[in-house]
Every structure is written in C-alpha cells, then in structure tokens.
Amino acid sequence: MIVSLEVKSRAGNMPRKPRFFLPDVPVHMIVRGNSRQAVFAEADDYHAYLGWLKEGADAHACQIHAYVLMSNHVHLLVSASDPSSLSKLPQHVGRKYVPYFNHKYDRSGTLWEGRFKASSIDSERYLLTCYRYIELNPVRAHMVDKPDEYRWSSYRANAYGVANPILTPHPLYLSLGKDKQLRTRRYRESFKEVLDDTMINDIRASVQTGTPLGNDRFKAEVEQLLGVKVGQACRGRPKITKYDIEK
C-alpha cells in the first residue's frame, strides 16, 4: 500500500506537493512549533505529549523507534505497515495536546507550524545514524553534555534498556546483539563515532525537502515503487539561519 498526502495551501486551493510513504519503511518526522515558538514549558507538558504519543501510536499501529522532545519541536523515527497511519499519528497527538496547551497557558490559535516535515530512511545504511542524530539533538543544542542527561528522548531506553512503553525496537536495532546487554552496549559505543557536518546536513536537507535519505540505489527503488519523483535534497551545505539551530 502506498499513500500520497496532498494538502491545500493556506493561500488558496492549489495543492501542496504530495508526499509518499511506503509500508514498514522508517520515516524521520519533525513537528515544529508555529513561528518556532515553545511548545513545552514545564515537565508536565512533556509528560502529557508523551502520553498522547503512546496513545496515538497504539491507535494507528505506528512503531516509534526513537524520539526527542525539544523546547520548540519534536523529532520522531517511526514506521507503519499502513503508510496512511504516519500522517494520522501527529494529527492524533495534536488534537489532544493543542487544546491542553492552549487552555493551560490561556492562549488560542494554532500551535504547530503547518504540516510536519518527513523523509523516508534507508534502514540498511542510515537508520542507526538517524537514531543518533535524533537523540544527540540536546547535545548539539548545548542543553546537556551527554545524551543520557536529557529526560525527554529515547536514548536511555535504546542505550541502557530502560523500560519505555512508547518504543518498538526496529529489527536493525535488535540485530546489534543477541541479548539486551550486548545490544545496548553496542548502541552506546556507536555514539562514540562523531556525526560529521556532511551527514548532519544531509539529514536536515532530506527531511526539509522530503527526499529519501539513502544512496542513489535506495532513492531509485523508492521512486520506481511510487512511479514519481519524491523530492530533491539540496547539494552542499544548506543555508543556516538562527532558526535552524536545535534548541
């Protein structure tokens, strides 16, 4: 089953560029606060969001492999057998979280920045790199020195085996070791390898444009299955603004 997502623009009836997802192919998803405003103010907000994220994943049969909740945006690494569920997940959470947040802080109007950004991930080559990219966000933002110091991510579960009912381990993650002790140790060791600027920029460009993150073979296979071009990541270093800094 292949799903295209087509959304009308705010300015009129011209549709936005459709997006396509494939069954069981992981997707890196980013949901940002409107105008980059904060979407979490205190611990209860993070807890509330995570509770509805779990509820949404269960309701729509989505498997969440990694996540991080930053002050003004959220990263998810998620897959689903029914690709239409991928768009339903953030919608489910938003229907619960936005009224909660607006009521709590006596505000009104939209909270999120339009539709989410997303790109499909080549599991074989880039999935575990995307895990690291997501869970290292608080370190890159200089909020903590080590990823295990940040409460609102999946790192402690993936790296130490701390119970987390939100997560469903991806088969590639499980293949890191035959038991939890070996698997988590190897996962922690992978974080000793520095994510270079080229890889970080490739991940950012892919999710921004909706281009699959993978080698040319993976991109060609995705486009062949879909029968369409699915986006083109910018080559070279993307222009960085103050809003691109993870915080």
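Higher on the page you've got the structure.
Since we're looking at a predicted model, the values are computed, not measured. (Residues numbered from 1 in each chain as written. Predicted model: local features only at pLDDT ≥ 70, side-chain atom pairs only at ≥ 80, totals over all residues. Heavy atoms only, no water.)

Peer 1: Looking at this structure, I do not really get the side chain of Ser120. What am I missing?
Peer 2: By secondary structure assignment, the location of Ser120 is in strand 6 (residues 117-120). A relative accessible area of 7% means that Ser120 is categorised as buried. Excluding residues within four positions of it along the chain, Ser120 makes contact with Phe20, Phe21, Val25, Pro26, Val27, Pro212, Leu213 and Phe218. (Helix = DSSP H or I, 4+ residues; strand = E, 2+ residues; numbered from the N terminus. Buried < 20%, exposed > 50% of the residue type's maximum accessible area, 1.4 Å probe, protein only. Contact = heavy atoms within 4.5 Å.)

Peer 1: I would appreciate a short explanation of the nonpolar core in the present structure.
Peer 2: Grouped burial of nonpolar side chains is what soluble globular proteins tend to show. Counting residues in each nonpolar core, the largest one holds 59 residues, and the members touching the most others are Tyr49, Leu53, Ile64, Leu69 and Leu89. Those elements giving two or more residues to this core turn out to be strand 3 (27-32), helix 1 (43-59), strand 4 (62-69), strand 5 (73-80), helix 2 (85-104), helix 3 (123-135), helix 5 (155-160) and helix 8 (197-209). Sequence-distant contacts of Leu89, defined by excluding residues within four places in its chain, comprise Leu53, Gly56, Ala57, His60, Cys62, Ile64, Leu76 and Val78. (Core = buried A, V, L, I, M, F, W, Y, C linked by side-chain atoms within 4.5 Å.)

Peer 1: I tried to follow the sheet that holds strand 6 on my own but got confused; where do I start?
Peer 2: Strand pairing in a sheet takes place through backbone hydrogen bonds and is either antiparallel or parallel in direction. As summarised here, the arrangement of the four strands in space is 4-5-3-6, forming an open sheet in which the pairing is antiparallel. Two strands close off the open sheet at either side, each with one partner strand: strand 4 and strand 6. Strand after strand, the sheet turns through a mean of 20 degrees between neighbouring axes, direction not considered. In the sheet, strand 3 pairs with strand 6 via four bridges, with the strands oriented antiparallel. (Pairing = 2+ DSSP bridges. Axes fitted to C-alpha atoms, helices over the stretch in contact; angles between N-to-C directions.)

Peer 1: Sorry, what's going on with the pairing of strand 3 here?
Peer 2: A regular strand places its side chains so that they alternate between the two faces of the sheet. With six of six residues buried, strand 3 lies mostly within the body of the structure. Where strand 3 lies against strand 5, six bridges are found, and the strand directions are antiparallel. Of the residues in strand 5, the one forming a bridge with Arg32 is His73.

Peer 1: What should I look at first to understand the pattern of salt bridges in this one?
Peer 2: What the rule picks out here adds up to six salt bridges. Residue Lys54 is joined to Asp58 by a salt bridge in which the shortest nitrogen-to-oxygen separation is 3.2 Å. Placement of the pair is Lys54 and Asp58 together in helix 1, with a separation of four residues, close to one helical turn. Judged by its relative accessible area of 26%, Lys54 is partly exposed. Between Arg185 and Glu189 there is a salt bridge whose closest N-O contact spans 3.0 Å. (Salt bridge = Lys/Arg side-chain N within 4 Å of Asp/Glu carboxyl O.)

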